[in-house]
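The residues making up each chain are set out below.
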Amino acid sequence: MNVWSELKRYGVNRENIRDLSAPSPDVLDYLDLVDSGDGKELRPDGVIESGNRPILYFVNESRLAKAPHPEANPLRALSRNVACRGERAYLAVVKPGVLEVTPVSLEDKKPNWRVFKADSPGAINFFTNLVHANVPDDDLGDPNLVFDEMLNLLETGADRIRRRIGKANTLSLIGRALFFRFLCDRQIVTDDDVPSICQTANTIHECFDNAGNTYRTSRWLDETFNGDFLPFDERPTREFFKGLNRSAVVYQNLSAIIRGDSPVGSDGYQHQFNWATFDFAHVPVGLLSQVYEAFSWKWDEEESGATSVHYTPRNIAKTIVDEVFDGLENAHKARVLDPACGAGVFLVLAFRRLYREHWRVSGERPHTKLIRKILQEQLCGFDISDSALRLAALSLYLTAIELDPKPVPPKRLRFEVLDDLTLFNHRKQDDPESGPVIGSLGDHVDRSFDGTFDLVISNPPWTRIRNDKELAGQLNNVSKRVVATFGKETANEYQNPDSVPDLPFLWRSTQWCKPGGRIAMALPARTLFKDGSISTFARETIFRFVKFTGIVNCSNVRKTNVWPEMDLPFMIAFASNVQPSPDDNFWFICPQADFSANGIGDLRIDPDASYVFPIQRVLDDSWILKTLAVGTSLDEEIISKISVAATKPLLDYWRRDLGLQCKKGYNVTKNPEKDASLLHELLDLGSPIGDESRFTVNPKAYAKFHRPLLERTRLVEGKDPLAVFRAPLFLLRKSLPIERSNGNSLTSFVDIAFNQSFYGYSAKGHPNSSLLVRYLNVFAHSQVWTYYVLCTSPSLGTERPVFLKSDFDSCPIVPIENLNPETIGRIENLAIRLESDDDSAFKEIDEVIAGVYGLNRRDVEVISDTLAVRNPHDELGKRGSAGVSRAEEDRFKKRLNKLLAPFADRIGVELFINTIGAGDSSSYRFLEIKDKSADLVGEHSVDASIAELATKTGASRIVQSETGRIVVGILNQYRYWTSSRARLLSADILREYFSAFEGVR
């Protein structure tokens, strides 16, 4: 049986398969599973990947019969070993014409094998469905199970020890126990080594049982590896360890790690689902690094919050490291810096990648001497947390041992002390012991680091510095000094927005990095979207002086398992360390929410959501990044069209041209100080006493304003301090209701005070004041307005269903005096209908406002589709991720046929669009486009090649053509089946594939 041919029948592309029969650079991540040839345990024949993520491990059935294994059930043991890697993966047994598949599991239970036959309908889509997590009734469970369970065990034990001996000593003791457990499971130390490690222990599992054994084992670790291995606060003498023996809890917890026990109640451990569940021979060091970093972060949340620590998930870190190394010349020689390294997740991954590059170049697997050279000369990490650096050192030690092809005897593995060689603590001696400080960005950091690194990779601190003006000023000065090297005038104007530390790290990285080197960082996405003069100038300055080569905007996948517990929109930025020219292009990639893939931590990069344009375009049209984040190139065209139709923003029109007032509403706080007595003559929109109207203010529904004090009154200077509250008023709700029928805004024809939940525009003094506020009310209830704000607002559709007053103020408005009498009449009539609670006005409102901006039927179609898949209240696009109904599919086919028909007529072809393949349950729906008069009899199935292409590219849409026939595969998610998407598809078919029908008659 040819295994590769068998797998091809299930949609597997040969390029996705990694052969695990022998060690090689390409299987570095799977060395623990490569066949050792000793026959002690069953190893997989290979693994099938998608996007560098393992999906399916497989075993050739013939191997199960050939060689006996010590395990009574070798497949169950293999499943546990693979599950220890912390991956959401499957295990398969390959048989002729049959594939038996089960999710890998840590639990010692009978596997739930599912049988797939190669000749069954939809077999060709099998692997594609696995990739997209589209497997009905699978029982993979929580994709973060290994991470969560290890973190829980670590926290439970550490918390008990910490209460007795303090944080620093706890980190070192726990780290030493974990390190020793790693050596045991990797067979680097065995019972044969016990006499040289701890003479008072009988087995390797007793080495941390008590004070004496722990003292002897720790001394052996120091002597064997280095004299500064996870140091204690004081010299680790016998008396030091005896002093810890006042409570049996300390050694009970350390012994549990070695023996594989788990806490029960508050006093003891028992053998159950516990440390023994995890075989450290198969737990990747990268996963351990992630656990350590999260442990450090969660263990001291106050300190982590103050220093704005966001631990980096392994999948995000791996994406960054893989991409920044890709295509790098002489990658094996690269020097790598992480200036905010935390527990070292980036350094660990860079270490592994450098090892792989050395292996590829030399053709020989690197040994101990070269491993030490990489660790000491090619890696560098800065931080301000001693505990984080201890964890980073531990991670790097473990990685060096994991990579070593000959890790025995242990005495060969001695390390140099990493402090001030590879890892640097840049908290100054006179700095406070905890909390944020200037750290790596300070003047005390040796300038000899400048210009010495080929790669700077990091997830720097993000959180705004509050209540520390001195530190905020230091961060600002760091940025200004670097910007000054590009342009002194720019530096004079530049200010660090919101006192955030991430941008100073980006600026300083341009100095640490060699000219022409590469910079890659996980950063908050606010840099892309936030407006305001300081933020806008900062963004423009960054794009002028930092040559971004690619930005992955991940704002659509926050609050998912792509980055667990991350609520903030974030991005991954890649840059070349040279100053760009305005014509330089960069890639802007916008992964859309994919609840199946995101649920298992996958970040699916769709070629159809990847855009390339000149840096100058961002400088000219700052809205383009937000527009493409929520829409497509069609939305880009419409926003441009709206901007051209109305040449001035609303605020300019309202204040400068018309001389009218507009402000946010008054603010109420617990401790107000401003006199509010002048407002007592007004009604109060915040004090309803009767039935409120949805679209206009009913004066009888509100009491008089009565508050004596406010935080902000919004009174204005001049003859009438209450001018902003004078009727007629247009009052825009700060938070959009789920349905516009509940009222996006109100008109008021009586003076009324409004609170911070509204933005108010007074037309008092204008000759057509009532018409003016009615115009704004109709505009604010149109899809055009909601759509424009969605596509341009820094917050709406990115963080929460709230927009800023500046979002409305910047909306392009067509002055009412530029409208023709007929349009004005219709607008006034529609406003009156709204004031009468007439819900039927919305369709005509959309039509009239679209006409005001010169939008056609196709533009309106795009607007409706975008709002359907990215409703402001559906922040992450759940509707867009939903599967496609048959009615929606039929509507798409009908629209596509209508778009293609005129072109088909010209060449004498009548097209027929048919659904082929597995149908509703498949990750992709496949459409076949053929000449209706052609012979349709025959096999209407999905070719293996197009199924393989779907798996290989991960694209939301794939197209394959042959004479007289085009097959299109579209991801089974609603956002890709709208009428607008049919329009995009028709354009691509006409441009690239329509020649398939030429000359068929």
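For every chain, the first residue of the written sequence is number 1, and numbering continues from 1 along that sequence. Residues qualify for local features only when their pLDDT is at least 70, as the model is predicted, and side-chain atom pairs are given and counted only at 80 or more; totals for whole chains, interfaces and linings, by contrast, use all residues. For side-chain calculations, the full set of non-hydrogen atoms in the structure is used, while hydrogens and water are omitted.

- With an unreviewed UniProt entry as reference, the chain is termed site-specific DNA-methyltransferase (adenine-specific), source organism Neorhodopirellula lusitana.
- UniProt positions are given in the numbering used here, feature names are shortened, and annotations may be inferred rather than shown by experiment. UniProt, in its Catalytic activity (unreviewed entry) section for the chain, records the words "a 2'-deoxyadenosine in DNA + S-adenosyl-L-methionine = an N(6)-methyl-2'-deoxyadenosine in DNA + S-adenosyl-L-homocysteine + H(+)".
- Quoted straight from UniProt, the Sequence similarities (unreviewed entry) entry for the chain says "Belongs to the N(4)/N(6)-methyltransferase family."

### With respect to the overall build of the chain
Part 1 of the argument: Secondary structure counts use DSSP, requiring at least four H or I residues in a row for a helix and at least two E residues in a row for a strand, with both numbered from the N terminus. On a plain count of helices and strands, the chain comes out with 36 helices and 32 strands.
Part 2 of the argument: The size measure is the radius of gyration over C-alpha atoms, and the globule rule it meets is 2.2 Å times the number of residues to the 0.38 power. Relative to the 2.2 N^0.38 estimate, which gives 30 Å for 1001 residues, the radius of gyration of the chain is 32 Å and therefore close to what a compact globule would have.
Part 3 of the argument: Judged by the C-alpha coordinates and their principal axes, the chain covers about 100 × 80 × 55 Å.
Part 4 of the argument: Each residue is assigned to one of three classes by its accessible area relative to the maximum for its type, calculated with a 1.4 Å probe on protein chains only: buried under 20%, partly exposed between the two thresholds, exposed over 50%. Of all 1001 residues assigned to the chain, the portion counted as buried reaches 59%.
Part 5 of the argument: It only takes one pair of heavy atoms within 4.5 Å for two residues to be counted as in contact. Nonlocal contacts in the chain, meaning residues at least 24 apart in sequence, comprise 73% of its contacts between residues at least 6 apart.
Part 6 of the argument: Each accessible area value is a Shrake-Rupley result obtained with a 1.4 Å probe; residue values ignore everything except the protein chains displayed when judging cover. Total accessible area on the chain is roughly 39,900 Å²; 46% of this is exposed by carbon and sulfur atoms.
Part 7 of the argument: For the chain, the distance from the average site of its 122 positive side-chain charges to the average site of its 136 negative ones is 1 Å. Positive charges come from Lys and Arg alone, negative charges from Asp and Glu alone, with His and the N- and C-terminal ends not counted. Each charge is placed at NZ for Lys, CZ for Arg, CG for Asp and CD for Glu.

### What to know about the sheet that holds strand β32 (residues 965-971)
Part 1 of the argument: At least two bridges found by DSSP between two strands are what make those strands a pair. With antiparallel pairing, 4 strands are arranged side by side in an open sheet as β29-β30-β32-β31. Lying at the two open borders of the sheet, with one neighbouring strand each, are β29 (911-916) and β31 (957-962). Neighbour to neighbour, the strand axes of the sheet diverge by 20 degrees on average, direction disregarded.
Part 2 of the argument: Relative to β32, strand β30 (residues 924-931) runs antiparallel, the two being bridged by 7 bridges. In the strand pairing of β32, Y924 is matched with L971.
Part 3 of the argument: Note on geometry: axes are C-alpha line fits, over the in-contact stretch for helices, and angles between N-to-C directions span 0 to 180 degrees. Running at roughly 150 degrees to β29, helix α34 (residues 886-906) makes contact with β29, β30 and β32 of the sheet.

### Looking at unusual backbone geometry
Part 1 of the argument: The omega angle of the peptide bond from V408 to P409 is 0 degrees, so this bond is cis rather than trans.
Part 2 of the argument: Here the residue pair A727 and P728 is connected by a cis peptide bond, since its omega of 0 degrees sits within 30 degrees of zero.
Part 3 of the argument: Considering the arrangement of structural elements, one finds P728 in the loop between β23 (709-710) and β24 (729-733).
Part 4 of the argument: In this model, K559 sits at a positive phi of 60 degrees, which is unusual for a non-glycine residue.
Part 5 of the argument: Its location among the elements puts K559 in the loop between β14 (547-553) and β15 (570-576).
Part 6 of the argument: A residue is classified by how much of its surface remains accessible, and K559, at 45% relative accessible area, is partly exposed.
Part 7 of the argument: Even without glycine at this site, D837 takes up a positive phi of about 60 degrees.
Part 8 of the argument: On the basis of relative accessibility, which here comes to 35%, the residue D837 falls in the partly exposed class.

### Focus on empty space enclosed by the protein
Which parts of space are left empty comes out when a probe the size of a water molecule is rolled across the atoms.
Part 1 of the argument: Using a grid of 1 Å spacing that covers the protein atoms alone, one calls a set of points a cavity when a 1.4 Å probe fits there but cannot get out, and a pocket when the set is open and has protein on both sides within 12 Å along at least five of seven lines; lining residues are those with an atom within 4 Å of a point. Grid points are joined across faces, edges and corners, and a volume is the space filled by probe spheres set on the points. The tally for this structure, following the rule as stated, stands at 9 cavities of 30 Å³ or more.
Part 2 of the argument: The calculated volume of the largest cavity comes to roughly 150 Å³.
Part 3 of the argument: As for the largest cavity, its lining consists of 16 residues, and the residues nearest its centre are T632, T866, V869, R975 and R981.
Part 4 of the argument: Looking at the lining of the largest cavity, the elements that each hand over two or more residues are α25 (633-645), α32 (857-869) and α36 (979-993).

### Some remarks on the state of the cysteines
Part 1 of the argument: Throughout, a disulfide means two cysteine sulfur atoms within 2.5 Å of one another. Applying the stated criterion to the full structure yields 0 disulfides.
Part 2 of the argument: Not engaged in a disulfide, the cysteine C341 finds its nearest cysteine sulfur in C380; these two sulfurs lie 8.4 Å apart.
Part 3 of the argument: No disulfide involves C791; its nearest neighbouring cysteine sulfur is the one of C811, lying 11 Å away.
Part 4 of the argument: Accessibility expressed as a relative area gives 0% for C791, which makes it buried.

### Observations concerning the packing of helix α6 (residues 167-185) against helix α10 (residues 248-259)
Part 1 of the argument: As a packed pair, α6 and α10 sit with axes 8 Å apart at the nearest point and diverge in direction by 25 degrees. If you check the angle between α6 and α10, you find them roughly parallel. By crossing handedness, the relation of α6 to α10 is classed as right-handed. Of the residues in α10, those in contact with L173, I174, A177, L178, F180 and R181 of α6 are V250, L254, I257 and I258.
Part 2 of the argument: Here the nonpolar group is Ala, Val, Leu, Ile, Met, Phe, Trp, Tyr, Cys and Pro; Asp, Glu, Lys and Arg are the charged ones; every other residue, Gly included, is treated as polar. Among the residues making up the contact of α6 with α10, the classes are represented as 9 nonpolar, no polar and 1 charged. An angle counts as roughly parallel when it lies under 35 degrees, as roughly antiparallel when it exceeds 145, as roughly perpendicular when it falls between 65 and 115, and as oblique in every other case. When the near helix sits turned anticlockwise from the far one by under a right angle, the crossing is termed left-handed; a clockwise turn instead gives a right-handed crossing.

### Describing the nonpolar core
Part 1 of the argument: We call a set of buried residues a nonpolar core when its members are Ala, Val, Leu, Ile, Met, Phe, Trp, Tyr or Cys and they connect through side-chain atoms within 4.5 Å of each other. Residues F179, F180, F225 and F325 are the most contacted members of the largest nonpolar core, which totals 134 residues.
Part 2 of the argument: When residues in this core are grouped by element, the largest group, 11 residues, is from helix α16 (residues 386-403).
Part 3 of the argument: Those residues within four positions of F179 in sequence are excluded, and the remaining contacts are L221, F225, F229, L394, Y397, L398 and I401.
Part 4 of the argument: Core analysis: the next-biggest nonpolar cluster, separate from the first, contains 114 residues, I438, I638, L732 and L776 among them.

### Examining the confidence of the model for the chain
Part 1 of the argument: The predictor attaches a confidence to each residue, and that confidence, scored 0 to 100, is pLDDT. Scored by pLDDT, the chain has a mean of 89; 93% of the residues are at 70 or more.
Part 2 of the argument: Under a pLDDT of 50 for its full length, residues 263-272 has, in the predicted model, 28 contacts with residues more than four places off or in other chains.

### A short note on the sheet that holds strand β9 (residues 336-338)
Part 1 of the argument: Reading across from one edge, β11-β10-β9-β12-β13-β15-β14-β16-β17 is the order of the 9 strands in this open sheet, with mixed pairing throughout. The sheet is open, and its two borders are formed by β11 (423-425) and β17 (610-614), each paired with just one other strand. The average undirected angle you get between the axes of adjacent strands in this sheet is 15 degrees.
Part 2 of the argument: The pairing of strand β12 (residues 453-458) with strand β13 (residues 513-524) spans 5 bridges and is classified as parallel. Opposite V456, over in β13, you have I519 as the bridge partner.
Part 3 of the argument: In the packing of helix α14 (residues 345-362) onto the sheet, the strands contacted are β9, β10 (379-383), β11 and β12, and the crossing angle to β10 comes to about 175 degrees.

### What to know about the pattern of salt bridges
Part 1 of the argument: The working definition used for a salt bridge is a side-chain nitrogen of Lys or Arg within 4 Å of a carboxyl oxygen of Asp or Glu. The full count for this structure, using the stated rule, is 62 salt bridges.
Part 2 of the argument: Ionic pairing is found between R85 and E87, a salt bridge with its closest N-O pair at 3.1 Å.
Part 3 of the argument: Accessibility expressed as a relative area gives 3% for R85, which makes it buried.
Part 4 of the argument: D502 is the salt-bridge partner of R526, the closest N and O atoms lying 2.6 Å from each other. Residue R526 is found in helix α20 (residues 526-529), and its partner D502 is found in helix α19 (residues 502-512); the two are separated by 24 residues along the sequence.
Part 5 of the argument: Here R526 falls in the partly exposed class, since its relative accessible area comes to 27%.

### Structural notes on the packing of aromatic side chains
Part 1 of the argument: Here a pair means two rings of Phe, Tyr or Trp (six-membered ring of Trp) with centres within 6.5 Å. Their orientation is stacked below 30 degrees between planes, edge-to-face above 60, and tilted elsewhere. If you walk through the whole model with that rule in mind, you get 45 aromatic pairs.
Part 2 of the argument: Taking 6.4 Å as the distance between ring centres and 50 degrees as the angle between the ring planes, the aromatic pair formed by W275 and F280 counts as tilted.
Part 3 of the argument: When its relative accessible area of 3% is taken as the criterion, W275 is described as buried.
Part 4 of the argument: Only when the NZ of Lys or the CZ of Arg is both within 6 Å of the ring centre and within 35 degrees of the ring normal is a charge said to sit over the ring. The residue whose ring lies beneath R879 is Y974, and the NZ or CZ to ring-centre distance is 3.7 Å.
Part 5 of the argument: Here R975 stacks its cationic end above the ring of Y976, 5.9 Å away from the centre of that ring.

### Concerning the packing of helix α5 (residues 145-165) against α10
Part 1 of the argument: Two numbers describe how α5 lies on α10: the axes approach to 9 Å, and their chain directions differ by 150 degrees. By the angle between their directions, the pair α5 and α10 is classed as roughly antiparallel. Seen from above, α5 lies across α10 with left-handed handedness. Facing G157, R160, I161, R164 and I165 of α5, the residues of α10 in contact are V249, V250, N253 and L254.
Part 2 of the argument: A breakdown of the residues in the contact of α5 with α10 according to their chemical character gives 5 nonpolar, 2 polar and 2 charged.

### Some points on the side chain of N60
Part 1 of the argument: When you line up the elements, N60 lands in strand β3 (residues 53-60).
Part 2 of the argument: Within the structure, N60 has its side chain in polar contact with the side chain of S62 (distance 3.0 Å).
Part 3 of the argument: Dropping the residues within four chain positions of it, N60 is found in contact with M1, V3, D45 and V94. We define a polar contact as two N or O atoms separated by no more than 3.5 Å, with the added condition that, inside protein, one atom must be a possible hydrogen donor and the other a possible acceptor, whereas residues neighbouring each other in sequence contribute only through side-chain atom pairs.

### Observations concerning helix α31 (residues 842-852)
Part 1 of the argument: Of the positions making up α31, those classed as buried are F842, I845, D846, V848, I849, A850 and V852.
Part 2 of the argument: Tucked into the core, α31 has its buried residues touching α27 (769-780), α28 (783-792), α30 (821-835) and α32.

### A word on a positive patch on the surface
Part 1 of the argument: The grouping of K664, K674, R712 and K734 at the surface amounts to a positive patch.
Part 2 of the argument: With a relative accessible area of 44%, R712 lands in the partly exposed category. Like-charged residues within 9 Å of one another, or nonpolar side chains (Val, Leu, Ile, Met, Phe, Trp, Tyr) within 5 Å, are grouped into patches, provided each residue has over 30% relative accessible area and no salt bridge.

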